[in-house]
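# Fold and contact review
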Amino acid sequence: MLRPNYMNGDNHNPHVKILDSSVKVFNRALEIAKSEIATKSMNDADGSAVKTCKEMYDHAIEELNKTMEAVNSEDKFGANIRFSAILSYIETCEDGLHGRSENSSLASANKMLSKLASNSLALSNYALGVNDD
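Summarised in this report is the structure supplied together with it.

About the cut-offs
- Residues numbered from 1 in each chain as written.
- Predicted model: local features only at pLDDT ≥ 70, side-chain atom pairs only at ≥ 80, totals over all residues.
- Heavy atoms only, no water.
- Helix = DSSP H or I, 4+ residues; strand = E, 2+ residues; numbered from the N terminus.
- Buried < 20%, exposed > 50% of the residue type's maximum accessible area, 1.4 Å probe, protein only.
- Contact = heavy atoms within 4.5 Å.
- Disulfide = S-S within 2.5 Å.
- Axes fitted to C-alpha atoms, helices over the stretch in contact; angles between N-to-C directions.
- Parallel < 35°, antiparallel > 145°, perpendicular 65-115°, else oblique.
- Left-handed = near helix turned anticlockwise from the far one by under 90°.
- Nonpolar A, V, L, I, M, F, W, Y, C, P; charged D, E, K, R; others polar.
- Expected span 1.5 Å × (residues − 1).

## Remarks on the overall build of the protein chain
Across its full length, the protein chain holds four helices and zero strands. Counted from the first residue to the last, the protein chain has its helices and strands arranged as α-α-α-α. By residue count, 40% of the 133 residues in the protein chain fall in the buried class. Pairs at least 24 apart in sequence give 69% of the contacts found in the protein chain among residues at least 6 apart.

As C-alpha cells, this is what we get:
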C-alpha cells in the first residue's frame, strides 16, 4: 500500500500529504483503467492498442509504487524521474490509440490518466521543492 513516512510520524510536510492524496487517487484511477482494459478483446481491430495500454498501465502502477519511496525520502529528482516515466507510459498508450474514437472509454480513461500524471508531477515539484531557495 502506498504510505508516506509522515503517516508513521516521520514527516510533517503538509505538501507531501497533499501529494500523497493525489498519488492515491492516481493509483486508484490506474487500477480502474487496468480493470476496464481487462474486459476489452485483444482480437479485434483495437487489439494491439489494448495490449499496449495494458502493458503500459502495468508499468505505470509498478512505477507509481516506487515513486512513493522517492517521495518518502523527499528525493525530488527521483520522484520527478518516476512521475515522468509514468507520464511516458500513459503517452505510449495514447500513441497506440491514435486514430481511435476520441469517445471510446479507453481513450477517455487514458486522457484522464494523462492529466492525473501531469498534476502529480506538478504537485511533486511543489511539495518536494517548497523549501528550496
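## A closer look at unusual backbone geometry
A positive phi angle, close to 55°, is found at Glu74, a residue other than glycine. Summarising the element assignment, Glu74 is placed in the loop between helix H2 (47-72) and helix H3 (76-97). Taking the relative accessible area as the measure of exposure, Glu74 reaches 34% and is therefore partly exposed.

## Thoughts on the state of the cysteines
Within the structure shown, the criterion is met by one disulfide. The disulfide partner of Cys53 is Cys93, and the S-S distance across this bridge is 1.8 Å. Note on the Cys53 and Cys93 pair: the S-S dihedral is about 90°, so by sign convention the disulfide is right-handed. Of this pair, Cys53 sits in helix H2 while Cys93 is found in helix H3, placing the two residues 40 residues apart along the sequence. Residue Cys53 is classed as buried on the basis of its relative accessible area, which comes to 0%.

## Here's the deal with the packing of H3 against helix H4 (residues 105-129)
Two measures define how a pair of helices packs: the angle their axes make with one another and the distance between the axes. At their nearest, the axes of H3 and H4 sit 9 Å apart, and the two run at 165° to each other. By the angle between their directions, the pair H3 and H4 is classed as roughly antiparallel. Handedness of the crossing formed by H3 with H4: left-handed. The class makeup of the residues in the contact of H3 with H4 is 13 nonpolar, nine polar and two charged.

## Considerations on the packing of H2 against H3
Closest axis-to-axis distance for the H2/H3 pair is 9 Å, and the angle between their directions is 170°. By the angle class used here, H2 and H3 are roughly antiparallel. When the residues that make up the contact of H2 with H3 are grouped by side-chain class, the tally is 15 nonpolar, six polar and three charged.

## Focus on helix H1 (residues 14-38)
With 25 residues, H1 should reach 36 Å at 1.5 Å per residue; the first-to-last C-alpha distance of 37 Å fits that figure. Listed as buried for H1 are Val16, Leu19, Asp20, Ser22, Val23, Phe26, Asn27, Ala29, Leu30, Ala33 and Ile37. Its buried side turned inward, H1 meets H2, H3 and H4.

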